[in-house]
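Reading the structure
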Amino acid sequence: MRSRSDESLMKSYVGGDMDAFEQLYQRYRAPLYRYVLRQVREPAAANDLFQDIWERIVKARRQYRPSAPFRAWLFRIAHNRVVDYFRQARDSSGIPVDSLAGETQGPDGQLDAERRDSQLARAIAGLPPEQREVVLLRLEAGLGIRDIADICGTRAETAKSRLRYAVAKLKQSVGTAQETTRET
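Okay, so let's go over this structure. (Residues numbered from 1 in each chain as written. Predicted model: local features only at pLDDT ≥ 70, side-chain atom pairs only at ≥ 80, totals over all residues. Heavy atoms only, no water.)

Here we look at the nonpolar core
Condition: To qualify as a nonpolar core, a set must consist of buried Ala, Val, Leu, Ile, Met, Phe, Trp, Tyr and Cys residues joined through side-chain atoms within 4.5 Å. For each residue, the accessible area found with a 1.4 Å probe, counting protein chains only, is set against the maximum for its type, and the residue is called buried under 20%, exposed over 50%, and partly exposed in between. Here a strand is any run of E in DSSP of at least two residues, a helix any run of H or I of at least four, and the numbering for each starts at the N terminus. The contact rule is simple, with two residues in contact once any of their heavy atoms fall within 4.5 Å.
The biggest cluster of nonpolar side chains holds 48 residues, and the ones touching the most others in it are Leu 32, Leu 74 and Phe 75. Of all the secondary-structure elements, those providing two or more residues to this core are helix 1 (6-14), helix 2 (18-40), helix 3 (43-60), helix 4 (70-89), helix 5 (107-125), helix 6 (129-139), helix 7 (145-152) and helix 8 (156-183). For Phe 75, the residues in contact, after removing those within four places along its chain, are Tyr 28, Pro 31, Leu 32, Tyr 35, Leu 137, Glu 140, Ala 141, Leu 143 and Ile 151.

Put into structure tokens, the structure is as follows:
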């Protein structure tokens, strides 16, 4: 359970409290990394971008205003950095290697979970970029529609529509993949 809000921690960090930064980093390192990796689909590039995003957080800490949730501010910076990456690289090919596996299970349960996670990761990777982004902002960052819309530079209705279509495609892709797996 979180003892302090993200915004309170960020204010403390701006005031020089490095422990506050460490807490924020621990809270967001995994979801931020997964978001970046699933966007760029290349571990080396994801690692570089991940580090760069945290460096930008450190440099921009004095510009942070608690009027917006820290999570939205963090993922806005990540979104902008990913967009810059694609502008520079002009290459969006690659294979997602991140696993969505949760807690350790028995061998059969773990194998089933890994298959489902792999199917979901492939399905997410196969979404159009706009839909993939809203899904990842929702799943990895836990952001609401308004925050997602702000980050993506769209209206809330557009973000909601993209999310709805993406979820429908994911359900169809994962459902089809599971049926195929059962038949073999």
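After presenting the structure, the write-up continues.
Section: the packing of aromatic side chains
Defined as follows: Stacked, edge-to-face and tilted labels apply to pairs of Phe, Tyr and Trp rings (six-membered ring for Trp) whose centres lie within 6.5 Å, assigned for plane angles under 30 degrees, over 60, and everything in between, in that order.
Overall, the coordinates contain 13 aromatic pairs when judged by the stated rule. With a centroid separation of 5.7 Å and an interplanar angle of 85°, the aromatic rings of Tyr 33 and Phe 50 are classed as edge-to-face. Taken together, the positions of Tyr 33 in helix 2 and Phe 50 in helix 3 put the pair 17 residues apart, joining distant regions of the chain. Looking at Phe 50, the relative accessible area reads 6%, which means it is buried. Considering the side-chain rings of Phe 50 and Trp 54, the 6.4 Å spacing of their centres and the 75° angle between planes classify their relative orientation as edge-to-face. You can see Phe 50 and its partner Trp 54 sitting in helix 3, 4 residues apart, about one turn around the helix. One exposure class covers both Phe 50 and Trp 54, and it is buried. Each member of the aromatic cluster is reached from another via a ring pair, and the members are Tyr 13, Phe 21, Tyr 25, Tyr 33, Phe 50 and Trp 54.

A closer look at the packing of helix 6 against helix 7
The line we're drawing: Angles run from 0 to 180 degrees between N-to-C directions of axes, and those axes are lines fitted to C-alpha atoms, restricted for helices to the stretch in contact. To sort the angles, those under 35 degrees are grouped as roughly parallel, those over 145 as roughly antiparallel, those from 65 to 115 as roughly perpendicular, and the leftovers as oblique. The hand of a helix crossing depends on one turn: near helix anticlockwise from the far one by less than a right angle means left-handed, and clockwise means right-handed.
Axis separation between helix 6 and helix 7 bottoms out at 10 Å; the angle between their running directions is 135°. With respect to helix 7, the axis of helix 6 lies oblique. In terms of crossing hand, the pair formed by helix 6 and helix 7 is right-handed. Residues Glu 133, Val 134, Leu 137 and Arg 138 of helix 6 form the contact with helix 7, whose own contacting residues are Ile 145, Ile 148, Ile 151 and Cys 152.

Quick word on the pattern of salt bridges
Worth spelling out the cut-off: Counted as salt bridges are all cases of a side-chain nitrogen of Lys or Arg within 4 Å of a carboxyl oxygen of Asp or Glu.
Taken as a whole and judged by the stated rule, the model has 7 salt bridges. A salt bridge links Arg 56 to Asp 52; the nearest nitrogen and oxygen atoms lie 2.8 Å apart. One end of the pair, Arg 56, and the other, Asp 52, are both in helix 3, 4 residues apart, so they sit about a helical turn from each other. With a shortest N-O distance of 3.6 Å, Arg 87 and Asp 84 are connected by a salt bridge. Of this pair, Arg 87 and Asp 84 both sit in helix 4, 3 residues apart, which is roughly one turn of the helix. Residue classification places Arg 87 among the exposed positions, given a relative accessible area of 53%. In this structure Asp 84 comes out as partly exposed when scored by relative accessible area, which is 26%. It is possible to trace a salt-bridge network through shared partners that takes in Arg 34, Arg 38 and Glu 140.

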